[in-house]
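Listed below are the residues making up each chain.
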Amino acid sequence: QKEVEQDPGPLSVPEGAIVSLNCTYSNSAFQYFMWYRQYSRKGPELLMYTYSSGNKEDGRFTAQVDKSSKYISLFIRDSQPSDSATYLCAMSERSGNTGKLIFGQGTTLQVKP
Amino acid sequence: DVKVTQSSRYLVKRTGEKVFLECVQDMDHENMFWYRQDPGLGLRLIYFSYDVKMKEKGDIPEGYSVSREKKERFSLILESASTNQTSMYLCASSFPQNTDTQYFGPGTRLTVL
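To start, this report covers the structure provided alongside it. (Residues numbered from 1 in each chain as written. Chains lettered and ligands numbered in written order. Predicted model: local features only at pLDDT ≥ 70, side-chain atom pairs only at ≥ 80, totals over all residues. Heavy atoms only, no water.)

## Quick word on the interface of chain B and chain A
Taken together, the 23 residues of chain B in the interface contact 23 residues of chain A. In this assembly, chain B packs against chain A so that about 1,700 Å² is buried in total across both faces, 49% of it on carbon and sulfur atoms. Joining chain B to chain A, the criterion identifies one salt bridge. D59 of chain B is paired through a salt bridge with K100 of chain A; the nearest N and O atoms lie 2.5 Å apart. The interface formed by chain B and chain A contains seven residue pairs in polar contact (both at pLDDT 80 or more). Those elements that place two or more of their residues in the side of chain B that touches chain A are β4 (31–38) and β5 (42–49) of chain B. (Contact = heavy atoms within 4.5 Å. Buried area = accessible area lost by both parts, 1.4 Å probe. Salt bridge = Lys/Arg side-chain N within 4 Å of Asp/Glu carboxyl O. Polar contact = N/O pair within 3.5 Å; in protein donor to acceptor, adjacent residues only side chain to side chain. Helix = DSSP H or I, 4+ residues; strand = E, 2+ residues; numbered from the N terminus.)

Here is the structure:
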C-alpha cells in the first residue's frame, strides 16, 4: 500500500463547477499538507499549504485536512479552464531539513469552457 | 521570480550511455532535490542535497549519482542508462527551514532506447 493515495482521474468538469480533489494517507505522523499544481510541460508549483487539521481558504481554493480520517481535500469553486492541470497532494512529518515530501500520484483535471 | 532551470527539455540516449542532467537555481537555496515522475507513481525522490558537496539518498537512488560542486548547481548522473530510467526528471530547490515549499524546474523528459 502506498503511503499516499490519490485518484489519478482524469477528471473532466464544465466551467463553473465545484471540483473536489482528494488524497488519503496511512502515516499518522504526517503534519504538513500541501497541494501542488502542475501545468502541462511545466514543473509543479505550490498552491496551498496547511499545517495539521482544519481548513484554509485562498480565493477560489479551499484546502481541508481531516487527520482523524487521514484524508485531505482541495476544493475549487467556480472552476475555470485555466485551472486545467494536474494537482498533486504532498505531505511530510516535519518541516526543515529533516522533512521529506511524499507525493500522491496526481489527479489530472480538465475544465471545459 | 524564483527560477530553476534544467539543461534540456528532451533527451534521447542509448542503453549503457552515461547521462548528465544539470539543474541551476538562482534563489541562493541551500537545498536541492532530484525527482522522477512516472504515470501512476507520482514524484519519487532520487537524491537531495542540503549543502555544497553534501548529498543524501532519497527513496530510489539505485542507478543514479549526484554532484553538487557549487551552491546553485545540482547534477544528476546516470552512470549507465537503462530503459527503465526512461522518465520525466524534475529538479527542485528550497530554503532549509522550509522544505515543504519547493520550487521546481520545467523537467527533462529522458528516453533511453
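## Notes on the sheet that holds strand β3 (residues 19–25) of chain A
Residue and element names in this part refer to chain A. Reading across the sheet, the five strands line up as β1-β3-β8-β7-β6 and stay open at both edges, with antiparallel pairing between neighbours. The open sheet has two free edges, formed respectively by β1 (4–6) and β6 (54–58), since each of these has just one partner strand. Put simply, the sheet's adjacent strands are angled 15° from each other on average, direction ignored. (Pairing = 2+ DSSP bridges. Axes fitted to C-alpha atoms, helices over the stretch in contact; angles between N-to-C directions.)

## Observations regarding the sheet that holds strand β3 (residues 19–25) of chain B
Pairing between the strands of a sheet is mediated by backbone hydrogen bonds and can be parallel or antiparallel. All names here are of chain B. Read from one edge to the other, the open sheet built from four strands follows the order β1-β3-β8-β7, with strand pairing classed as antiparallel. Each end of this open sheet is capped by a strand with a single partner; those strands are β1 (4–6) and β7 (64–70). The sheet shows a mean angle of 20° between the axes of neighbouring strands, direction not considered. The pairing of β7 with strand β8 (residues 73–78) spans five bridges and is classified as antiparallel. Bridged to S67 within β8 is S75.

## Some details on the pairing of strand β8 (residues 71–76) of chain A
Residue and element names in this part refer to chain A. Judged from the six bridges that link them, β3 and β8 form a sheet pairing that is antiparallel. Bridging across to β8, C23 finds its partner in I72. Two elements, strand β7 (residues 61–66) and β8, share six bridges in a ladder whose sense is antiparallel. From the neighbouring strand, F61 faces β8, where its bridge partner is I76. If you look at the hairpin formed by β7 and β8, you'll find four residues sitting between the two strands, and K70 has a positive phi there, around 55°.

## Observations concerning the nonpolar core
Membership of the largest hydrophobic core comes to 25 residues, with the highest contact counts inside it found for V4, W35, I72, L74, Y87 and M91 of chain A. Secondary-structure elements contributing two or more residues to this core are β3, β4 (32–38), β5 (45–51), β7, β8, β9 (85–92) and β11 (107–112) of chain A. Not counting residues up to four positions away in its chain, the partners in contact with V4 of chain A are C23, T24, Y25, F30, C89, M91, I102, F103, G104 and Q105 of chain A. Grouped together as the second largest cluster of nonpolar side chains are 20 residues, L21, I60, V66 and V112 of chain B included. (Core = buried A, V, L, I, M, F, W, Y, C linked by side-chain atoms within 4.5 Å. Buried < 20%, exposed > 50% of the residue type's maximum accessible area, 1.4 Å probe, protein only.)

## Topic: the side chain of Q102 of chain B
Residue and element names in this part refer to chain B. Here Q102 lies in the loop between β9 (87–94) and β10 (103–104). Among the residues examined, Q102 registers a relative accessible area of 3% and is labelled buried. A polar contact is formed between the side chain of Q102 and the side chain of Y35, at a distance of 2.8 Å. At 2.9 Å, the side chain of Q102 and the backbone oxygen of T99 are in polar contact.

## Quick word on the state of the cysteines
Such a bond, covalent and formed between the sulfur atoms of two cysteines, is termed a disulfide. Residues and elements named next belong to chain A. Per the counting criterion, the structure on display carries two disulfides over all chains. Disulfide pairing is shown between C23 and C89; the S-S distance is 2.0 Å. When the S-S torsion is -100°, as for the bridge of C23 with C89, the disulfide is left-handed. Of this pair, C23 sits in strand β3 while C89 is found in strand β9, placing the two residues 66 residues apart along the sequence. Using a relative accessible area of 1% as the deciding quantity, one classes C23 as buried. (Disulfide = S-S within 2.5 Å.)

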